[in-house]
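One-letter residues, chain by chain:
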Amino acid sequence: MIENIARYVEEGESPMQAALKGAKQIGFTIISLTFSLIAVLIPLLFMGDVVGRLFREFAITLAIAILISAFVSLTLTPMMCARLLKHVPEAEQGRFYKVMGNFFDRVIARYGVMLQWVLDRQGLTLVVAVGTLALTALLYVFVPKGFFPVQDTGAIQGITEAAQSISFDAMSQRQQALAEVVLKDPAVASLSSFIGVDGSNATLNSGRMMINLKPLAERDASAGEVIRRLTPEVRKVAGITLYMQPVQDLSIEDKVSRTQYQFSLQSPDSAALTEWVPRLVERLKGLPQLADVASDLQDKGLQAWLEIDRASASRLGVSTAAIDNALYNAYGQRLVSTIFTQATQYRVVLEVKPEFRSSPAAIANLYVPGTGGAQVPLSAVARVVERPAMLAVNHIGQFPAVTLSFNLAPGASLGAAVEAIRSAEAELGLPASIETSFQGAALAFQASLTNTLLLILAAVVTMYIVLGVLYESYIHPVTILSTLPSAGVGALLALLVARSELGIVGIIGIVLLIGIVKKNAIMMIDFALDAERREGLEPREAIYQACLLRFRPILMTTLAALLGALPLMLGSGVGSELRHPLGVTMVGGLLVSQVLTLFTTPVIYLAFDRLARRGRAA
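Residues numbered from 1 in each chain as written. Predicted model: local features only at pLDDT ≥ 70, side-chain atom pairs only at ≥ 80, totals over all residues. Heavy atoms only, no water.

## Some details on the sheet that holds strand β4 (residues 240-246)
Consideration 1: Sheet architecture is open: four strands sit in the order β2-β3-β1-β4, paired in antiparallel fashion. Looking at the sheet topology across the chains shown, the edges are occupied by β2 (188-195) and β4. Going from strand to strand, the sheet's axes swing by 20° on average, the running direction of each strand aside.
Consideration 2: Sheet topology note: the β2/strand β3 (residues 206-213) ladder contains seven bridges and is antiparallel. Bridge pairing links Ser-192 to Met-210 in β3.
Consideration 3: Helix α7 (residues 168-183) contacts β1 (155-162), β2, β3 and β4 of the sheet and is inclined by roughly 170° relative to β2.
Consideration 4: Sheet strands in contact with helix α8 (residues 223-234) are β1, β3 and β4, and its direction is about 175° off that of β4. (Pairing = 2+ DSSP bridges. Helix = DSSP H or I, 4+ residues; strand = E, 2+ residues; numbered from the N terminus. Axes fitted to C-alpha atoms, helices over the stretch in contact; angles between N-to-C directions. Contact = heavy atoms within 4.5 Å.)

Shown next as structure tokens:
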């Protein structure tokens, strides 16, 4: 709006007349841009699953901002231009004003020469446009797919695991040894560590660590690099394993696993899980796309069973109740008394000394009362037998289940990891009684592969319908939408160059590009149609004049969006990895689309105009 009014002021019109004429000329263009932008966002409101929840607030916020911006552009902006803009005679213009004006004039003149050359070779340009569409589809197939980029938030979560038959004291010693190794790393500021069975740790052989890193400016490595540096060091601690993953700002996991992504197996037959899960884990550990593969199967625990020789017990007068009481007195922490004082009370707990409960063999050294109160060694009437046992049985949907977790190997994408796991599963030939599925982020990623394609298709169809209603034409909306493949090529190429994945944040960037890039074609086509109707120009001359006339506002709006996206792409603060794909897709898409659409859109406009004329003639 401002550029159009300023152009009339520069031509000598009074500010009031320039505002009226400029607003009248550009008003329909702003309405077209506004409604087509909102049309892009409509499909986002109806998406389900986790992706839909993430997109919904984004779509509503952006739609309201666009509506307010359109209202201001159509009302307040022309009024302010009529009051504030003044024509500056050439003699009073400053040096910078003249230099920039001459620069833009030379750029527009050069663009006009290049555009004439392109319009003389329309067939070749149409081939380039079709090739851009094919290249977009090809790049989408080859670009790595992901969900959310891994952030460096300055914290690493660690889960420790030892032998399933370990004691609390042994687990404590190994956990402390791990903590000492971790604290030696120069990037680590502090850590918190705990073990024991509670709401977080289901079994005694597991523990937790929260590793706090130094501020990003004070360390020489990212969280991922710190994990890779610590891994060989913590492996030197015997008898315990530490699994690490960076803490994320945005997580959709319903439970904390040893590593970042989850793959579950469930079956009504626990024995089948016990048999097949170790085989699958070994197969997955050999895949180059995965790292730190772990399982929560806990079937190697030990139980101590006391087998009573009833004949000997009966002969010696030892009852089963007496044996039970002896065991409870020794190991059950029996409350035998309470000592009261004036200020407080103390509970007296009965148990054997720690040195007499260090192993199951100590049970045989207990004594039980026999006939006449005689003390009988427990070893005379019973023997201790150790048997394997399940430490924990996890469930999903009421069925026994095992969760495998994994991290991505350096340079691997989540899409490649999912495909590799499915291939390994098929090669292994799991029985039909075992049902497999991804959980958490990996499950949402699988759903997003389908949802994102449907989202982009729905956005394009909705925008075509809205533009068709606005222009009362089947042809012009197709010309406008022809700008989108060039943006897709730029976005996907930028992701490949930046070695980034196409995830949810990248898809948000592509959706924004769909709304931003088409404004180039809308501004060109609106002015070309107006020139054909009001001035009676031929289509080629009309689109040529429209391109030269709209070059400056097209360049201004593209640069404004580009400069707004650069901080997202170049940011280096804590958690900035989440925003990088958004900036990369927008910058890449805007650069490529700006170069291509300035030349392909006029040619496509003329091609469809010839097609429409032939249709009317027939």
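## Comments concerning the layout of surface pockets
Consideration 1: The volume enclosed by the largest pocket comes to roughly 1200 Å³.
Consideration 2: Lining the largest pocket are 40 residues, with Val-150, Arg-228, Pro-410, Gly-411 and Ala-412 positioned closest to its centre.
Consideration 3: When residues of the lining of the largest pocket are traced back to their parent elements, those giving at least two are α8, β4, β6 (290-295), β14 (399-408), α15 (484-497) and α18 (580-617).
Consideration 4: Looking at which element gives the most residues to the lining of the largest pocket, the answer is α8, with six residues.
Consideration 5: For the lining of the largest pocket, the residue count by class is 20 nonpolar, 13 polar and seven charged.
Consideration 6: For the lining of the largest pocket, the two domains that each supply at least three residues are domain 2 (94-142 + 473-617) and domain 3 (152-247).
Consideration 7: For the second largest pocket, the calculated volume is near 950 Å³.
Consideration 8: Taken together, 31 residues form the lining of the second largest pocket, with Leu-33, Leu-37, Ser-69, Lys-519 and Thr-557 sitting closest to its centre.
Consideration 9: Counting residues per element, the lining of the second largest pocket draws most heavily on helix α2 (residues 15-45), at eight residues.
Consideration 10: In this structure, the lining of the second largest pocket is formed jointly by two domains, domain 1 (1-92) and domain 2 (94-142 + 473-617), each of which donates at least three residues. (1 Å grid on protein atoms, 1.4 Å probe; cavity = no way out; pocket = protein on both sides within 12 Å on 5 of 7 lines; lining within 4 Å. Points joined across faces, edges and corners; volume = space filled by probe spheres on them. Nonpolar A, V, L, I, M, F, W, Y, C, P; charged D, E, K, R; others polar. Domains from an automatic or database assignment.)

## Observations regarding the packing of helix α1 (residues 2-10) against α2
When two helices pack together, you describe them by how their axes are tilted relative to each other and by the distance separating the axes.
Consideration 1: α2 packs onto α1 with a crossing angle of 135° between their chain directions and a minimal axis gap of 8 Å. As the angle between them shows, α1 and α2 are arranged oblique. In the packing of α1 onto α2, the handedness of the crossing is right-handed. Across from Asn-4, Ile-5, Arg-7, Tyr-8 and Val-9 in α1, the residues of α2 making contact are Pro-15, Ala-18, Ala-19, Lys-21, Gly-22, Ala-23, Gln-25 and Ile-26.
Consideration 2: Residues of the contact of α1 with α2, tallied by class, amount to eight nonpolar, three polar and two charged. (Parallel < 35°, antiparallel > 145°, perpendicular 65-115°, else oblique. Left-handed = near helix turned anticlockwise from the far one by under 90°.)

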